[in-house]
Amino acid sequence: MSLDSLKSRVPDYAKDLKLNLGSVIGNSDLPAQQLWGTVLATAIASRSPIVLRELEPEAKANLTPEAYTAAKAAAAVMAMNNVFYRTRHLLSDHEYGTLRAGLRMNVIGNPGVEKVDFELWSFAVSAINGCGMCLDSHEQVLRKAGVERDVVQEAFKIASVIQAVGVTLDAEAVLADSAE
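Residues numbered from 1 in each chain as written. Predicted model: local features only at pLDDT ≥ 70, side-chain atom pairs only at ≥ 80, totals over all residues. Heavy atoms only, no water.

Looking at an unreviewed UniProt entry, one finds the protein chain named Alkyl hydroperoxide reductase AhpD and attributed to Streptomyces sp. 900105245. Of the comments in the UniProt record for the protein chain, the one headed Function (unreviewed entry) reads "Antioxidant protein with alkyl hydroperoxidase activity. Required for the reduction of the AhpC active site cysteine residues and for the regeneration of the AhpC enzyme activity." The record in UniProt for the protein chain states the following under Sequence similarities (unreviewed entry): "Belongs to the AhpD family." (UniProt positions renumbered as here; feature names shortened; annotations may be inferred.)

> For this particular structure, what's the right way to read the overall build of the protein chain?
The secondary structure content of the protein chain amounts to nine helices and zero strands. Listing each helix as α and each strand as β along the protein chain from the N terminus yields α-α-α-α-α-α-α-α-α. In terms of overall size, the protein chain behaves like a compact globule, its C-alpha atoms giving a radius of gyration of 17 Å where 180 residues would be expected to give roughly 16 Å. The dimensions of the protein chain, computed from C-alpha atoms along their principal axes, are 50 × 35 × 25 Å. Burial analysis of the protein chain (180 residues in total) assigns 42% to the buried set. Counting only contacts in the protein chain whose residues sit at least 6 apart along the sequence, the fraction spanning at least 24 positions is 73%. Accessible surface for the protein chain amounts to roughly 9,500 Å². Of this, 53% is attributable to carbon and sulfur atoms. (Helix = DSSP H or I, 4+ residues; strand = E, 2+ residues; numbered from the N terminus. Rg over C-alpha atoms; globule rule 2.2 N^0.38 Å. Buried < 20%, exposed > 50% of the residue type's maximum accessible area, 1.4 Å probe, protein only. Contact = heavy atoms within 4.5 Å. Areas by Shrake-Rupley, 256 points an atom, 1.4 Å probe, with all protein chains shown as cover.)

> What am I meant to see in the environment of A67 here?
Position of A67 among the secondary structure elements: in helix 5 (residues 65-90). Each C-alpha atom, one on A67 and one on P111, is 8.7 Å from the other, the two residues being 44 residues apart in sequence. Look past the residues within four positions of A67 in its chain and what remains in contact with it is Q33, V113 and W121.

> Would you mind going over the UniProt feature "domain: Carboxymuconolactone decarboxylase-like" (unreviewed entry) in the protein chain with me for this structure?
As annotated by UniProt and renumbered to match this structure, "domain: Carboxymuconolactone decarboxylase-like" (unreviewed entry) occupies residues 96-176. When the span residues 96-176 is considered, its composition is 74% helix and 0% strand, and the gap between its end C-alpha atoms is 44 Å.

> Quick question: what am I supposed to make of the packing of helix 7 (residues 115-129) against helix 9 (residues 149-179) here?
At their nearest, the axes of helix 7 and helix 9 sit 9 Å apart, and the two run at 45° to each other. Classified by the angle between their axes, helix 7 and helix 9 sit oblique to one another. In this structure, helix 7 crosses over helix 9, and the sense of that crossing is right-handed. Contacts between helix 7 and helix 9 involve L120, F123, A124, A127 and I128 from the former and V151, V152, A155, F156, A159 and Q163 from the latter. (Axes fitted to C-alpha atoms, helices over the stretch in contact; angles between N-to-C directions. Parallel < 35°, antiparallel > 145°, perpendicular 65-115°, else oblique. Left-handed = near helix turned anticlockwise from the far one by under 90°.)

> Explain a nonpolar patch on the surface to me, please; I cannot follow it from the model alone.
Taken together, L91, Y96 and L99 make up a surface patch of nonpolar side chains, about 270 Å² in accessible area. In this fold, L99 is placed in the loop between helix 5 and helix 6 (106-109). (Patch = residues over 30% accessible without salt bridge, like charges linked within 9 Å, V, L, I, M, F, W, Y side chains within 5 Å. Salt bridge = Lys/Arg side-chain N within 4 Å of Asp/Glu carboxyl O.)

> Which parts of the structure should I look at to understand the packing of helix 3 (residues 32-45) against helix 5?
When two helices pack together, their arrangement is given by the angle between the helix axes and the distance between those axes. Interhelical geometry of helix 3 versus helix 5 gives an angle of 40° and a closest axis separation of 8 Å. Taken together, the axes of helix 3 and helix 5 lie oblique to each other. Helix 3 and helix 5 meet at a crossing whose hand is right-handed. Of helix 5, the residues touching helix 3 (which contributes Q33, G37, L40, A41 and I44) are A67, Y68, A71, K72 and A75. A class-by-class count of the residues in the contact of helix 3 with helix 5 yields seven nonpolar, two polar and one charged. (Nonpolar A, V, L, I, M, F, W, Y, C, P; charged D, E, K, R; others polar.)

Written out as structure tokens, the structure is:
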């Protein structure tokens, strides 16, 4: 199970996804921890069993145990936060924004890895989950920490490609089951 195995599963009609998968992961300039934490967190966020099964072993091999756990934690906490804050933002009644959230999210304050790495992973998950408030919040923290725009963009490029591959492969699995 690996990036190459995942690429081999992408159908011919989605050749662009296969090429993009190879470039955004295989040719990334991100440091290994940032890259593979982003890959793992977004593979989880994609909700695609195929993508997660293929990429998790390689991510685990390229991350410290602490980073591996932190990337999973970023996916978990952002699954909650993205729904909560996106809903708050989308509601016409802006008074909800004045109410106390009352949700635990301690891992954000103490993720067990460099704060910038955790913020990058949280940002990438937020891109998949479509929470504008979370995207803005994490992007501002990253930029304030000196992270360049091209690094931030690299994270959402990875997120977009992993999400697209997951959608495509899951659809193909459903269609193959339907054909039987």
